[in-house]
Amino acid sequence: MSQHTALNQPAPRRTQAERREATRQKLLDATITCLARDGFSGTTISQIVAEAQVSHGASGHLFENKTAMLLAAADEAFWRFYRRWEVAVQAVTQADDRLEALLRVTWINLLHGIENEVLLELLIAGKHDPEFNQHLEPLFGQFLQLMQQSAEQLFEALQPDVDVAHMMMLTQWLFRGMALDQRIRPSPDYFTPYIQAWVTLLRGQVKTRQAVHTPAPK
């Protein structure tokens, strides 16, 4: 077969399972977009379907209701956030001051992303919807556990009474609160001295482990 003939061959047809998964991914992407843009209360199935450019029937086959769709989108947002954390870790492996570099990358690349906007929207929604919060809680629990395991892999304590996982959890909670305040303090320079103050405090508590080559926990 000539190269010209091969180039003109039609692409193999996707299986039903592949088409179903592609549609599901479109709906998840659209849900994340709508949550970040319109908020929890402003996100409807009609908006999601329109954003995804799929039919209402397709969404109904894949998700029982809006809650199921939102929970699946929450799971997707968690994993995207965590994958960005993995990339951030890899990006600073050669930095002279890995602790400061990682915290700054975390603040700039993770807490400013669409995934964080979605997670904040869902957390706020759970406060006013106990049933939704009950479904959301295990997802957050798994995510926080992964972050704690990753912290223990990357850092070690300088004092025997310091818990590395606790320090890193405090970091992400601090940064998430700061990210909320960005809505009224849009200048990124405003937060610089506060980030530096936290880095200085952490330096007295933890240090980065040397030569960590194993991938982050899954």
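The rules we used
- Residues numbered from 1 in each chain as written.
- Predicted model: local features only at pLDDT ≥ 70, side-chain atom pairs only at ≥ 80, totals over all residues.
- Heavy atoms only, no water.
- Patch = residues over 30% accessible without salt bridge, like charges linked within 9 Å, V, L, I, M, F, W, Y side chains within 5 Å.
- Areas by Shrake-Rupley, 256 points an atom, 1.4 Å probe, with all protein chains shown as cover.
- Salt bridge = Lys/Arg side-chain N within 4 Å of Asp/Glu carboxyl O.
- Lys, Arg positive; Asp, Glu negative; His and termini not counted.
- Charge placed at Lys NZ, Arg CZ, Asp CG, Glu CD.
- Helix = DSSP H or I, 4+ residues; strand = E, 2+ residues; numbered from the N terminus.
- Buried < 20%, exposed > 50% of the residue type's maximum accessible area, 1.4 Å probe, protein only.
- pLDDT = per-residue confidence, 0-100.
- Axes fitted to C-alpha atoms, helices over the stretch in contact; angles between N-to-C directions.
- Parallel < 35°, antiparallel > 145°, perpendicular 65-115°, else oblique.
- Left-handed = near helix turned anticlockwise from the far one by under 90°.
- Contact = heavy atoms within 4.5 Å.
- Nonpolar A, V, L, I, M, F, W, Y, C, P; charged D, E, K, R; others polar.
- Polar contact = N/O pair within 3.5 Å; in protein donor to acceptor, adjacent residues only side chain to side chain.
- Expected span 1.5 Å × (residues − 1).

(A) Focus on a positive patch on the surface. On the surface, Arg-13, Arg-14, Arg-19 and Lys-26 cluster together into a positively charged patch. Within the secondary structure, Arg-14 sits in the loop between α1 (3–7) and α2 (16–42). Classification of Arg-14 as partly exposed rests on a relative accessible area of 47%.

(B) Highlighting the confidence of the model for the chain. Across the chain, the average pLDDT comes to 83, with 91% of residues at 70 or higher. Looking over the chain, one finds the lowest element-wise mean pLDDT in α1, namely 56, and the highest in helix α3 (residues 45–52), namely 93.

(C) Looking closely at the packing of helix α5 (residues 66–91) against helix α7 (residues 114–128). Two elements in contact, α5 and α7, have axes separated by 9 Å at closest approach and are oriented at 140°. Here α5 lies oblique to α7, going by the angle between them. Helix-helix and strand crossings are classified by hand; for α5 and α7 the assignment is left-handed. Judged by residue contacts, Ala-74, Ala-77, Phe-78, Arg-80, Phe-81 and Arg-84 of α5 engage Ile-114, Glu-115, Asn-116, Val-118, Leu-119 and Leu-122 from α7. Of the residues contributing to the contact of α5 with α7, the split by class is eight nonpolar, one polar and three charged.

(D) Structural context of the pattern of salt bridges. Inspection of the entire model under this criterion finds eight salt bridges. As a salt-bridge pair, Arg-37 and Asp-38 come within 3.0 Å of each other at their nearest N and O atoms. Overall, the relative accessible area of 49% leaves Arg-37 in the partly exposed class. In this structure, the salt-bridge partner of Arg-203 is Asp-97, at a minimum N-O distance of 2.4 Å. Of this pair, Arg-203 sits in helix α10 (residues 192–203) while Asp-97 sits in the loop between α5 and α6 (98–110), and the two are 106 residues apart along the sequence.

(E) Examining the packing of α5 against helix α8 (residues 130–154) more closely. Direction vectors running N to C along α5 and α8 enclose 10°, while the axes themselves pass 10 Å from each other. On the basis of their axis angle, the class for α5 and α8 is roughly parallel. Listed contacts from α8 to Thr-67, Leu-70, Leu-71, Ala-74, Asp-75, Phe-78, Trp-79, Phe-81, Tyr-82, Trp-85 and Val-89 of α5 are Phe-132, His-135, Leu-136, Leu-139, Phe-140, Phe-143, Leu-146, Met-147, Ser-150 and Leu-154. A per-class count over the contact of α5 with α8 returns 17 nonpolar, three polar and one charged.

(F) Representation of the environment of Leu-158 in the model. Relative to the elements of secondary structure, Leu-158 occurs in the loop between β1 (155–157) and α9 (164–181). Among the residues examined, Leu-158 registers a relative accessible area of 38% and is labelled partly exposed. Once the C-alpha coordinates of Leu-158 and Met-168 are considered, the two residues, ten residues apart in sequence, prove to be 14 Å apart. Sequence-distant contacts of Leu-158, that is, excluding residues within four places in its chain, are made with Arg-203, Gly-204, Gln-205, Val-206 and Lys-207.

(G) Geometry of the side chain of Thr-106. Within the secondary structure, Thr-106 sits in helix α6. Judged by relative accessible area, which is 7%, Thr-106 ranks as buried. Reaching out from Thr-106, the side chain makes a polar contact with the backbone oxygen of Leu-102 at a distance of 2.7 Å. With sequence-adjacent residues up to four places away left out, Thr-106 is seen in contact with Trp-85, Leu-111 and Phe-175.

(H) Spotlight on α9. The terminal C-alpha atoms of α9, which comprises 18 residues, lie 26 Å apart, in line with the 26 Å expected from a rise of 1.5 Å per residue. When we look at burial in α9, the residues that qualify are Val-164, Ala-165, Met-167, Met-168, Met-169, Thr-171, Gln-172, Phe-175, Arg-176, Met-178 and Ala-179. Buried residues in α9 make contact with α6, α7, α8, β1, α10 and β2 (206–208). Capping the start of α9 is the job of one residue whose side-chain oxygen sits 3.0 Å from the backbone nitrogen of Ala-165: Asp-163.

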